[in-house]
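Residues per chain are reported as follows:
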Amino acid sequence: MNVTVFGTGYVGLVTGTCLAEMGNAVVCVDVDAGKIERLGRGEIPIYEPGLEELVLANHAAGRLAFTTEAAPAIAHGDVIFIAVGTPPGEDGSADLTHVLAVARTIGQHLGAGSIIVNKSTVPVGTADRVRATIADVLAGRGIAIDFDVVSNPEFLKEGDAVNDCMRPDRIVIGSDSAKAITVLRRLYAPFNRNHDRIVLMDVRSAELTKYAANAMLATKISFMNEMANIAERVGADIEQVRHGIGSDPRIGYHFIYPGAGYGGSCFPKDVQALHRIARAGGYEASLLQAVEQVNEAQKSRLFELICQHFGNDLGGRTIAVWGLAFKPNTDDMREAPSRRLLEQLWQAGARVQAFDPEAREEARQIFGERADLVLCEQAQQALQDADALVVVTEWKAFRSPDFKVLATRLKSAVIFDGRNIYDPLAVEAAGIAYYGIGRGRSVARVQAG
Ligand code: UDX
């Protein structure tokens, strides 16, 4: 099938590439000429495991093309995906400028019937606006063309995006058009083997499904962070509590890890946007507001622990930070808890020696050159003469350091484990003080016992 994808960000590039891998002829369009040129040369703008190989192979096979030219791309597509960004506007609601600009472009160049598929995360009702925008432009051109607008939200996770796209656990299709459903069933058939993963629904329900999924996941995290804060105060260890509740299949083990707060391009933006959507509909979503508030507070938790340990005296201290990306296996630092921590440490007069396996360049772009930041090439280098080690992102490479060696490198032996990846007893056995998230005095009691 001939497929066109507008937007070469995470969602667009991964979707286009996976559709090409399944044998479709895919044209990816972006207004950013520099990005299109780099993609054409085989340079991938994001770090995403497995993506580069797939882009190169499909590009070489002639199934995946990159262009800034909308007109021929629109003529090419039996199916046209809109996968452009919907950044938060001033008030937290999703900014639809890019989505509606693509809709206008489609209206200007559409010459025959086509199926327009919205993959971007957009407020409920956007498909109707896209449809109206295209229809308006077509009317201005004085022509009538039969087209459908479908909602088909994407659920991919950064760091595992190719896998999520190739082996989706569901394919949500929101449409009232039998023709569009038939075409999309055919397009998704290779991704839909063994058992049927397609979930058909109306357009607005599909749009809300995406927000509901992300808001539910964000809620689980904020709930666990709240439990962690309670655990700390009552002398319990949240890690034991996590095991205790996760074994109930109604709760499950997934996505109940307390930590330094959720970040990334989706959860913070989508929880806020859903809150706005609810308010616009006359409903005050107090749970969503609480989810956001708990997360905001959680992003300061590591800093609070550090201040507490050093008696609020951080001036002139050097803090080693392991992990800058908002989660492992990505170089993405959007809304990353590390950003809040670094700003707070600098404000308090501390220097930072940071290491991240992939996000160094991203950090350089965000923070620029500054005297109080050293971006290290090696994890060990960050430790040299530091007053503390703070783990903010749980990269695999950080999971089992030699604590004895670590103790000799640090000037003062203390670890702040923002992801609870270490066994407090093993750390303390090496003579290092340990702070985790929600790991109350029960740890000390087990040790004493
Ligand atoms: C998320 C959704 O998982 C995905 O389905 C959707 O399409 C886009 O948003 P992503 O933003 O890539 O994907 O990251 P995810 O793996 O979901 O993690 C989000 C944040 O939550 C990270 O900062 C992570 O560290 C944090 N998190 C996750 C926790 O703090 N605890 C957990 O138990 C799980």
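The residue count restarts for each chain, going from 1 along the sequence in the order it is written. Residue-level local features of this predicted model are given only where pLDDT is at least 70; pairs of side-chain atoms are given and counted only at 80 or more, and the full residue set underlies all totals for whole chains, interfaces and linings.

Novice: Give me the lowdown on the overall build of the protein, citing residues and values where you can.
Specialist: Numbering of helices and strands runs from the N terminus, with a helix taken as a DSSP run of H or I at least four residues long and a strand as a DSSP run of E at least two residues long. The number of helices and strands found in the protein is 19 helices and 14 strands. Relative to a compact globule of 449 residues, whose C-alpha radius of gyration would be 22 Å, the protein shows 24 Å and is just as compact. With the principal axes as the frame, the protein shows a C-alpha extent of 80 × 45 × 45 Å. With C-beta atoms placed from the backbone, a residue counts as buried when 20 or more other C-beta atoms lie within 10 Å of its own, as exposed when 12 or fewer do, and as partly exposed for counts between those limits. In the protein, which comprises 449 residues, the proportion classed as buried is 45%. Our contact criterion uses C-beta atoms placed from the backbone: two residues qualify when those atoms are within 7 Å. Of all intrachain contacts in the protein linking residues separated by at least 6 positions in sequence, the fraction that spans at least 24 positions is 72%. Our radius of gyration is a C-alpha quantity, and the globule rule it is checked against amounts to 2.2 Å times the number of residues to the power 0.38.

Novice: Residues and numbers for the UniProt feature "binding site: NAD(+)" (unreviewed entry) in the protein, please.
Specialist: UniProt positions are given in the numbering used here, feature names are shortened, and annotations may be inferred rather than shown by experiment. UniProt records the feature "binding site: NAD(+)" (unreviewed entry) for Asp30, Lys35, Thr86, Thr121, Glu158, Lys269 and Arg334 in the present numbering. With the annotated positions falling across 305 residues, the maximum pairwise C-alpha distance of 24.1 Å shows that they are not confined to a single cluster. In this structure, Asp30 sits in the loop between β2 (25-29) and α2 (33-40). When sequence neighbours within four positions are dropped, the list of residues in contact with Asp30 reads Gly7, Thr8, Lys35, Ile36 and Thr68. Position of Thr86 relative to the elements: it lies in the loop between β4 (79-82) and α5 (97-109).

Novice: Break down the site of the ligand for me, with residues and values.
Specialist: Near residues are defined by distance alone, with the backbone-placed C-beta atom required to lie within 6 Å of the molecule or strand. For the ligand, the set of nearby residues contains 19 residues, the closest of which are Glu158, Tyr257, Tyr262, Gly264 and Cys266. For the shell around the ligand, the leading source of residues is helix α9 (residues 203-234), giving three residues. The residue classification treats Ala, Val, Leu, Ile, Met, Phe, Trp, Tyr, Cys and Pro as nonpolar and Asp, Glu, Lys and Arg as charged. All others, Gly included, are polar. Residue composition of the shell around the ligand, grouped by class: eleven nonpolar, four polar and four charged. For the domains described, the bounds stem from an automatic or database domain assignment. Two domains each put at least three residues into the shell around the ligand: domain 1 (2-200) and domain 2 (202-449).

Novice: Tell me about the domain arrangement of the protein, and name the residues and values.
Specialist: A common way to report how large an interface is uses the accessible area buried once the components associate. When the domains of the protein are assigned, the result is domain 1 (2-200) and domain 2 (202-449). One C-alpha centre belongs to domain 1, the other to domain 2, and the line joining them spans 33 Å. The partner domain 2 presents 25 residues to the 24 residues of domain 1 that form the contact. When contributions to the side of domain 1 that touches domain 2 are tallied by element, the ones reaching two or more residues are α6 (126-141) and β7 (171-174).

Novice: Requested: an account of the packing of helix α11 (residues 267-280) against helix α12 (residues 286-298), with residues and values cited.
Specialist: Geometry is summarised by axes, namely lines fitted to C-alpha atoms with helices restricted to the contacting stretch, and by angles between N-to-C directions that run from 0 to 180 degrees. Where α11 contacts α12, the two axes come as close as 9 Å, and the packing angle between them is 150°. Judged by the inter-axis angle, α11 sits roughly antiparallel to α12. Of the two elements, α11 crosses α12, and the hand of that crossing is left-handed. Between α11 and α12, the contacting residues are Val271, Gln272, Leu274 and His275 on the first element and Leu288, Gln289, Val291 and Glu292 on the second. Residues that form the contact of α11 with α12 fall into these classes: four nonpolar, three polar and one charged. When describing relative orientation, an angle under 35 degrees is termed roughly parallel and one over 145 degrees roughly antiparallel, while 65 to 115 degrees is termed roughly perpendicular and anything else oblique. Each crossing gets its hand from how the near helix is turned against the far one by less than a right angle, where anticlockwise is left-handed and clockwise is right-handed.

Novice: How would you sum up the environment of Gly23? Please name residues and give values.
Specialist: Along the chain, Gly23 turns up in the loop between α1 (10-21) and β2. Note on Gly23: 12 C-beta atoms within 10 Å, which makes it exposed. A C-alpha to C-alpha distance of 8.9 Å links Gly23 and Asn58, two positions 35 residues apart in sequence.

Novice: Talk me through the nonpolar core; I want residue IDs and the actual numbers.
Specialist: Among buried residues, those of type Ala, Val, Leu, Ile, Met, Phe, Trp, Tyr and Cys that are joined through C-beta atoms within 7 Å form a set called a nonpolar core. With 79 residues, the main nonpolar core has Val14, Phe81, Ile82 and Ile116 as its most contacted residues. Here this core gets ten residues from one element, more than from any other, and that element is α9. Split by domain, the residues of this core number at least three in each of domain 1 (2-200) and domain 2 (202-449). Within the second largest apolar cluster, 44 residues are counted, among which are Ala260, Ile319, Leu324 and Ala386.

Novice: Explain the sheet that holds strand β13 (residues 414-417) to me, and be specific about the residues and the numbers.
Specialist: Strand pairing is assigned whenever DSSP identifies at least 2 bridges connecting the two strands. With parallel pairing, the six strands of this open sheet are ordered in space as β11-β10-β9-β12-β13-β14. The open sheet has two free edges, formed respectively by β11 (373-375) and β14 (433-435), since each of these has just one partner strand. Ignoring strand direction, the axes of neighbouring strands in this sheet form an average angle of 20°. As paired elements, β13 and β14 share three bridges and run parallel to each other. Among the inter-strand pairings, Ile415 is bridged to a residue of β14, identified as Tyr434. Against the sheet, helix α13 (residues 301-309) makes contact with β12 (388-391), β13 and β14, and its axis sits at roughly 160° relative to β13, the strand it touches most. Where helix α14 (residues 337-347) meets the sheet, its contacts fall on β9 (318-322), β10 (351-355) and β12, and the angle it forms with β9 comes to roughly 175°.

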